[in-house]
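# Notes for the structure review
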Amino acid sequence: QVQVVESGGGLVQEGGSLRLSCTVSGLRFDYYAMAWFRQAPGKEREGVSCIIWSGRSTEYADSVKGRFTISRDNAKNTVYLQMDSLKPEDTAMYYCAADQSPYRSCSISWPTRFNHWGQGTQVTVSS
């Protein structure tokens, strides 16, 4: 059984930083692309960033480019999202997800490619 567990969310002031972590068990983590999505109240789910199985290629939403950095440690079955220069509009529930097929490129434009999701971690940025 695949388990995806996010952590690291919290309350931070505008301009601050947070690092989210997502640990996966139950699959060969190093085979799969991973992604972060977010959903704010009353808004649709939005792709934030993704990283391919090897870590050599990443993708970011325009709204977070230059502020967020995704990385992974395959030895620890963990993917990270370093979030800097946070803005109130970054406030959302952040979800981590694993691709359903191995060795694929990643794309945050296709959330249906991801079939293992965590419960989410709340990020709140105050102004």
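Below: a short report on this structure. Keep in mind the model is a prediction, meaning the values are calculated, not measured. (Residues numbered from 1 in each chain as written. Predicted model: local features only at pLDDT ≥ 70, side-chain atom pairs only at ≥ 80, totals over all residues. Heavy atoms only, no water.)

Per the counting criterion, the structure on display carries six salt bridges. The residue arginine 38 makes a salt bridge to glutamate 46 at a minimum N-O spacing of 2.8 Å. Relative accessible area serves as the criterion here: at 29%, glutamate 46 is assigned to the partly exposed category. The closest approach of N and O atoms between aspartate 99 and arginine 104, which form a salt bridge, is 2.6 Å. What makes aspartate 99 buried here is its relative accessible area of 1%. In the salt-bridge network here, residues are joined through shared partners; they are Arg38, Glu46, Arg67 and Asp90. (Salt bridge = Lys/Arg side-chain N within 4 Å of Asp/Glu carboxyl O. Buried < 20%, exposed > 50% of the residue type's maximum accessible area, 1.4 Å probe, protein only.)

This part takes up the packing of aromatic side chains. Counted according to the given criterion, the structure contains five aromatic pairs. Aromatic side chains tyrosine 31 and tyrosine 32 sit 6.4 Å apart centroid to centroid with 40° between the ring planes, which places their arrangement in the tilted category. Taking the relative accessible area as the measure of exposure, tyrosine 31 reaches 27% and is therefore partly exposed. Given the relative accessible area of 15%, tyrosine 32 is considered buried. A centroid spacing of 5.0 Å and a plane angle of 40° characterise the contact between tyrosine 31 and tyrosine 103, whose relative ring orientation is tilted. Within this pair, whereas tyrosine 31 is found in the loop between strand 3 (18-25) and strand 4 (34-39), its partner tyrosine 103 is found in the loop between strand 9 (92-99) and strand 10 (114-117), the two being separated by 72 residues in sequence. Relative accessible area serves as the criterion here: at 45%, tyrosine 103 is assigned to the partly exposed category. Taken together, the ring pairs in this structure connect Tyr31, Tyr32, Trp53 and Tyr103 into an aromatic cluster. (Phe/Tyr/Trp six-rings, centres within 6.5 Å; stacked < 30°, edge-to-face > 60°. Helix = DSSP H or I, 4+ residues; strand = E, 2+ residues; numbered from the N terminus.)

Geometric values such as these leave the question of function open.
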